[in-house]
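A look at the structure
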Amino acid sequence: MFRCKYSAASEMNNHLNFTGAPNSSFTTSEKSGWEPNYVSITHYTVTATICVIGILGNILVIIVTSTKRSRKTAVHKYIFNLAVADIGVLAISYPLICVKAADPFNWPLGKVVCKVFYPFSDIFYSASVGSIVAIAIDRHTAIVRGMTAHRSLSVAKWVILGVWLSSFLAVVTPLYFVMEYIEKNGTINCTPMWPSRLAVNSYLVSHTILLYILPLGLILWAYRQIASQIRASKMLHSRITGMCGTREANTMKRTDAANTKALKILVPVVVAFAVTMFPFHAFRLASLFVRGARWRYLWIVYNICLVLLLSNSAVNPIIYSLVSREFRQRLKDALRFKCPRLFPEP
């Protein structure tokens, strides 16, 4: 979501903050010349389908995780928060991006939406990433460090508050200082006016680190520790079986099975995050070094990155349904006003 005061407006890095169109200095006619109508129609059809599926799927996740019994587990609170953030990306952030990309110099939603709500919509993307990290750290503290479910639950509300607050401070606040609503020569432009190219580049690099590289590193570290702990635990329990009998070993095996099941469900969420987010962040970093604003296929590449980015907010309910038989059953139960849990606690 950035534009500079100087001639860098013609460069590749003049697109919106997270999910905006590249080079918003293009006129609508220039864009249509580079992006054929059938490509535009295909793009909007695919993204609209992703948004509808994602919104409905995340609503179902909210229903499941909002049941009385589910609210007693920290994991469910984080999954609930993830679903809320993903709905925000699909139902609020992306529609605003479409409005901006449709005609960059004819912002139709007024000054208040431009300067307040448009930059604020970026909070949902950051909160989604933060929720995935929170799930990984929660599983790490529960399985590796043995934090009790009660203590984990008491910490969860503060972690969720921290995710939203840090997202606002790191992502939204800087945009409030540079966002401009410009009426000039019959045009209305809603765009950030960064003081220098260095400011733009610093913003891009820092957010790629904070919202992709660092989270992915923390998540991979946490799940590697969890996998190592589960393997070590299984080896220990096999020895206990021979030494102390089967009763204690059976109890430990049930705990291991619960931990393994939770890990198998959550790992695909992490894989989806890594795969779907990588192209967009690579595109964003490439814009710092490649002068490709007049490259014919820029919009097509950008649209592919955007589709993958939106997919990350829509795919989690599908993963839960495919991987977890319990989720499918619990969804049926929740719709019948029952109150079972989605994921077993260790």
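Look a little higher up for the structure.
Just so you know, these numbers come straight off a predicted model, no measurement behind them.

1. Considerations on the overall build of the chain
In terms of helices and strands, the chain carries 10 helices and three strands. Taken from the N to the C terminus, the helices and strands of the chain come in the order β-α-α-α-α-α-α-β-β-α-α-α-α. Buried residues in the chain amount to 50% of all 346 residues. Taking the contacts inside the chain whose residues are at least 6 apart along the sequence as the reference set, 77% of them involve residues at least 24 apart. Of the roughly 16200 Å² of accessible surface on the chain, a fraction of 67% belongs to carbon and sulfur atoms.

2. A short note on the side chain of Asn81
Structurally, Asn81 is set in helix α3 (residues 74–102). Aside from chain neighbours lying at most four places away, what touches Asn81 is Ala127, Ser131, Ile160, Val163 and Trp164.

3. Side note on the pairing of strand β3 (residues 187–194)
The pairing of strand β2 (residues 179–184) with β3 spans six bridges and is antiparallel. Looking at the pairing, Lys184 lines up with Thr187 of β3. Hairpin geometry of β2 and β3 is characterised by an intervening segment of two residues between the two adjacent antiparallel strands and by a positive phi of about 50° at Asn185.

4. Quick notes on the packing of α3 against helix α5 (residues 123–143)
Running from amino to carboxyl end, α3 crosses α5 at an angle of 160°, the nearest separation of the two axes being 8 Å. Considering their axes alone, α3 and α5 lie roughly antiparallel with respect to each other. In this structure, α3 crosses over α5, and the sense of that crossing is left-handed. Between α3, through Ala74, Val75, Tyr78, Ile79, Asn81, Leu82, Ala85, Asp86, Gly88, Val89, Ile92 and Ser93, and α5, the contact on the second element is made entirely by Phe124, Tyr125, Ala127, Ser128, Ser131, Ile132, Ala134, Ile135, Asp138 and Arg139. A breakdown of the residues in the contact of α3 with α5 according to their chemical character gives 14 nonpolar, five polar and three charged.

5. Points about the nonpolar core
Ranked by size, the top nonpolar core spans 76 residues in total, and within it Ile219, Tyr223, Phe273, Leu310 and Tyr320 carry the most contacts. Tallying contributions element by element places α3 first for this core, with 13 residues. Residues in contact with Leu310, not counting those within four places in the same chain, are Thr47, Ile50, Cys51, Val89, Leu90 and Tyr94.

6. Remarks on unusual backbone geometry
Positive phi is not limited to glycine here, since Asn185 has a value of about 50°. Following the sequence through the fold, Asn185 ends up in the loop between β2 and β3. Using a relative accessible area of 72% as the deciding quantity, one classes Asn185 as exposed.

7. Comments concerning the state of the cysteines
With the rule as written, the count across this model stands at one disulfide. Two residues, Cys114 and Cys190, share a disulfide whose sulfurs are 2.1 Å apart. Torsion about the S-S bond of the Cys114 and Cys190 cystine: about 105°, corresponding to right-handed handedness. Note that Cys114 is positioned in helix α4 (residues 110–120) and Cys190 in strand β3, a separation of 76 residues in sequence. Here Cys98 stays unpaired: no disulfide links it, and the sulfur of Cys51, its closest cysteine neighbor, is 7.3 Å away. Here Cys98 falls in the buried class, since its relative accessible area comes to 19%.

8. Overview of the environment of Val129
Its place among the elements puts Val129 in helix α5. Distance from Val129 to Leu211, taken between C-alpha atoms, is 6.6 Å for residues 82 residues apart in sequence. In this structure, Val129 is in contact with Leu211, Pro215 and Phe273, ignoring residues within four places of it in sequence.

9. Some points on a nonpolar patch on the surface
A cluster of nonpolar side chains, namely Ile137, Val205, Ile209, Leu210, Ile213, Leu214, Leu218 and Trp221, defines an oily patch on the protein surface of about 650 Å² accessible area. Per-element tally for the nonpolar patch: the top contributor is helix α7 (residues 197–244), with seven residues. Mapped onto the fold, Ile213 is located in helix α7.

10. Side note on the pattern of salt bridges
Counting across every chain of the model gives one salt bridge. With a shortest N-O distance of 2.8 Å, Arg139 and Asp138 are connected by a salt bridge. The same class applies to Arg139 as to Asp138, namely buried.

Conventions and cut-offs
- Residues numbered from 1 in each chain as written.
- Predicted model: local features only at pLDDT ≥ 70, side-chain atom pairs only at ≥ 80, totals over all residues.
- Heavy atoms only, no water.
- Helix = DSSP H or I, 4+ residues; strand = E, 2+ residues; numbered from the N terminus.
- Buried < 20%, exposed > 50% of the residue type's maximum accessible area, 1.4 Å probe, protein only.
- Contact = heavy atoms within 4.5 Å.
- Areas by Shrake-Rupley, 256 points an atom, 1.4 Å probe, with all protein chains shown as cover.
- Pairing = 2+ DSSP bridges.
- Axes fitted to C-alpha atoms, helices over the stretch in contact; angles between N-to-C directions.
- Parallel < 35°, antiparallel > 145°, perpendicular 65-115°, else oblique.
- Left-handed = near helix turned anticlockwise from the far one by under 90°.
- Nonpolar A, V, L, I, M, F, W, Y, C, P; charged D, E, K, R; others polar.
- Core = buried A, V, L, I, M, F, W, Y, C linked by side-chain atoms within 4.5 Å.
- Disulfide = S-S within 2.5 Å.
- Patch = residues over 30% accessible without salt bridge, like charges linked within 9 Å, V, L, I, M, F, W, Y side chains within 5 Å.
- Salt bridge = Lys/Arg side-chain N within 4 Å of Asp/Glu carboxyl O.

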